[in-house]
Amino acid sequence: MPEATDPPQHPHLATLRRLEQSSGKLAAAAIARMDEQLPWYRAMPPENRSWIGLVAQAGIAAFTEWFRHPETPQAISTDVFGTAPRELTRAITLRQTVEMVRTTIEVVEAAIDEVAAPGDEAVLREALLVYAREIAFATAQVYAQAAEARGAWDARLESLVVNAVLSGEADEGAVSRAAALGWNSPEHVAVVLGTAPDGDNELTVEAIRRASRHAKLQVLTGVLGSRLVVIAGGCDDPLKAAKSLIGPFAAGPVVAGPVVGDLLAAPRSAQAAMAGLKACAAWPDAPRPVLADDLLPERGMAGDPVARQLLVEEIYRPLEEAGSALLETLSVYLEQASSLEGAARMLFVHPNTVRYRLRRVTDVTGWSPSDVRSAFTLRIALILGRLADSGGQP
């Protein structure tokens, strides 16, 4: 039988043993130097400092293994950060972790002449340099993985909030989730809807975020099916907000719902925007973006009960309360193809009287009968108001 051969000894066995014997002392020295030089470390609670102590000890132990088997690939992130990966990334920032690692490496480097066996100083120093590079990569990997996990979790939370607003189910739970995403309850909130572009939805969402930062808006956003949804906070002009965010939307209509007071009221803005997006086909020349309230007649004709109610309550009823003369004059003026003279003849009054009454219509409703688009809105409001008065469905 062949004789068993002893495994080859480590070429720097004396240095390896001295490194093993010094690991505890080096870890303690690293912690002491952190306490001396890093204010953020001193300010931390004991539990967090203990995590950092564990990581420092694991780092020196991993270097010892690295030196023992330099030819074997080492899973440094597991060896060093496996002691407390989640706690570490939550307790300290990447910058602080870099400072911690640098301090530990400096302590070991300062002790090389003491730890290395005579003649092994250069070898140990070179090994430490290689290890320092690898530990830097491992640090970046740990934080990148933590950021990726947080990003995925945040995306799920945001999707829940956006879906709750769009489905009309926003409640305190949705507000709490939004707060966890950094939403600080701005006073003015509006929902903007349009078509999502083809391609990576994450890139679309990131483009919305860049646009919102430039416009100094808070946003909660997501792609739901073919729709790109943006809940914008911090601007009392929904059209201005929509214009500042319109870049990432695909071709086609983009509709901004009315401004509401907070996230709990956002479903009202979302419902108006959705109804407007559906009704945009009836107004091919609508501006882009367009306000949902500018689509009231198309929304009303498409069956939106909110739009119908608004047209009746905000246009027809105020005219009715202002006196029958305004309603009659407006109706005749519209029937006479917006002709002052024609309306005056039908009403047996002077054209100036018609002109005065039409100005009063504008004052009462905010819509000008002389504008073609406004005249169309006023006509639909009259139709719906009459249907309501007759007991028909407005």
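Scoring rules and cut-offs
- Residues numbered from 1 in each chain as written.
- Predicted model: local features only at pLDDT ≥ 70, side-chain atom pairs only at ≥ 80, totals over all residues.
- Heavy atoms only, no water.
- Helix = DSSP H or I, 4+ residues; strand = E, 2+ residues; numbered from the N terminus.
- Buried < 20%, exposed > 50% of the residue type's maximum accessible area, 1.4 Å probe, protein only.
- Contact = heavy atoms within 4.5 Å.
- Areas by Shrake-Rupley, 256 points an atom, 1.4 Å probe, with all protein chains shown as cover.
- Core = buried A, V, L, I, M, F, W, Y, C linked by side-chain atoms within 4.5 Å.
- Salt bridge = Lys/Arg side-chain N within 4 Å of Asp/Glu carboxyl O.
- 1 Å grid on protein atoms, 1.4 Å probe; cavity = no way out; pocket = protein on both sides within 12 Å on 5 of 7 lines; lining within 4 Å.
- Points joined across faces, edges and corners; volume = space filled by probe spheres on them.
- Nonpolar A, V, L, I, M, F, W, Y, C, P; charged D, E, K, R; others polar.
- Pairing = 2+ DSSP bridges.
- Axes fitted to C-alpha atoms, helices over the stretch in contact; angles between N-to-C directions.
- Parallel < 35°, antiparallel > 145°, perpendicular 65-115°, else oblique.
- Left-handed = near helix turned anticlockwise from the far one by under 90°.

Draft legend 1. The arrangement of the overall build of the protein chain in detail. Along the protein chain, the regular secondary structure elements total 18 helices and five strands. Evaluated residue by residue, the protein chain yields a buried proportion of 43% over its 394 residues. Considering only intrachain contacts with a sequence separation of at least 6, the fraction spanning at least 24 residues in the protein chain is 68%. Roughly 20,600 Å² of accessible area belongs to the protein chain as shown, and the carbon and sulfur atoms make up 53% of that amount.

Draft legend 2. Representation of the nonpolar core. Met34, Trp40, Ile52, Phe63 and Leu124 are the most contacted members of the largest nonpolar core, which totals 33 residues. Elements represented by at least two residues in this core include exactly α1 (13-37), α2 (39-42), α3 (46-68), α6 (94-110), α7 (112-115) and α8 (121-166). For this core, the element with the most residues is α3, which contributes eight residues. With residues near it in sequence (within four places) discarded, Met34 still touches Tyr41, Ile52, Ala56, Met100, Thr103 and Thr104. Of all hydrophobic cores here, the second largest spans 28 residues; its members include Val161, Ala170, Ile231 and Ala266.

Draft legend 3. Geometry of the pattern of salt bridges. Overall, the coordinates contain twelve salt bridges when judged by the stated rule. Glu65 is the salt-bridge partner of Arg68, the closest N and O atoms lying 3.2 Å from each other. One end of the pair, Arg68, and the other, Glu65, are both in helix α3, three residues apart, so they sit about a helical turn from each other. Classification of Arg68 as partly exposed rests on a relative accessible area of 25%. Across the pair Glu320 and Arg317 runs a salt bridge, and its minimum N-O distance is 2.9 Å. Highlighted residues: Glu320 and Arg317, both in helix α14 (residues 305-321), separated by three residues, approximately one helical turn. A relative accessible area of 23% means that Arg317 is categorised as partly exposed. In the salt-bridge network here, residues are joined through shared partners; they are Glu20, Glu65 and Arg68.

Draft legend 4. Here's a closer look at empty space enclosed by the protein. Counted by the stated rule, this structure contains one cavity of 30 Å³ or more. Approximately 140 Å³ is the volume found for the largest cavity. Around the largest cavity sit 14 residues that line it, and Gly59, Val101, Thr104, Ile105 and Ile135 are the ones nearest its centre. Contributions of two or more residues to the lining of the largest cavity are made by α3, α6 and α8. Looking at side-chain class alone, the lining of the largest cavity contains twelve nonpolar, two polar and no charged residues.

Draft legend 5. Geometry of the sheet that holds strand β1 (residues 189-195). The strand order across the open sheet formed by five strands is β2-β3-β1-β4-β5, and the pairing between neighbours is mixed. Every interior strand has two partners, whereas the edge strands, β2 (218-224) and β5 (290-291), have only one. Bridge analysis of β1 against strand β3 (residues 227-233) gives seven bridges, and the strand direction is antiparallel. Note that in β3 the partner of Ala190 across the bridge is Ala232. The strands that helix α10 (residues 201-215) touches are β2 and β3; relative to β2, the one it contacts most, it runs at about 160 degrees.

Draft legend 6. Here's a closer look at the packing of helix α15 (residues 324-335) against helix α18 (residues 372-389). It is the contact of α15 with α18, at a shortest axis distance of 11 Å, that shows an interaxial angle of 120 degrees. Looking at the two axes, α15 sits oblique to α18. The interaxial crossing formed by α15 with α18 has left-handed handedness. On α18, the residues that touch Leu327, Leu330, Ser331, Leu334 and Glu335 of α15 are Ala375, Leu378, Arg379, Leu382 and Arg386. Tallied by class, residues from the contact of α15 with α18 come to six nonpolar, one polar and three charged.

Draft legend 7. View of unusual backbone geometry. Residue Pro289 follows Arg288 across a cis peptide bond; omega there is 0 degrees. Inspection of the secondary structure assignment puts Pro289 in the loop between α12 (266-279) and β5. With a phi angle near 60 degrees, Phe348 is a residue other than glycine that sits in the positive phi range. In this fold, Phe348 is placed in the loop between α16 (340-347) and α17 (351-365).

Draft legend 8. The arrangement of the pairing of β1 in detail. Counting buried positions along β1 yields six of seven residues, so the element is predominantly enclosed. Pairing between β1 and strand β4 (residues 255-256): two bridges, direction antiparallel. By the bridge assignment, Val192 is partnered in β4 with Ala256.

Draft legend 9. Focus on the pairing of β3. Taken across its seven residues, β3 has six buried, putting it largely inside the fold. In the sheet, β2 pairs with β3 via seven bridges, with the strands oriented antiparallel. Following the sheet pairing, Thr221 is matched in β3 by Val230. Connecting β2 to the antiparallel partner β3 that follows it, the hairpin turn spans two residues, and Gly225 within it adopts a positive phi of roughly 65 degrees.

Draft legend 10. How the structure looks around the packing of α1 against α3. Look at α1 against α3: their axes get within 9 Å of each other, and the N-to-C directions meet at 155 degrees. In this view, α1 runs roughly antiparallel relative to α3, as classed from their interaxial angle. Remark: the crossing between α1 and α3 carries right-handed chirality. Here Thr15, Leu16, Leu19, Glu20, Ser23, Leu26, Ala27, Ile31 and Met34 of α1 lie close against α3, whose contacting residues are Ile52, Gly53, Ala56, Gln57, Ile60, Phe63, Thr64, Phe67 and Arg68. Across the contact of α1 with α3, the residue classes break down as eleven nonpolar, five polar and two charged.

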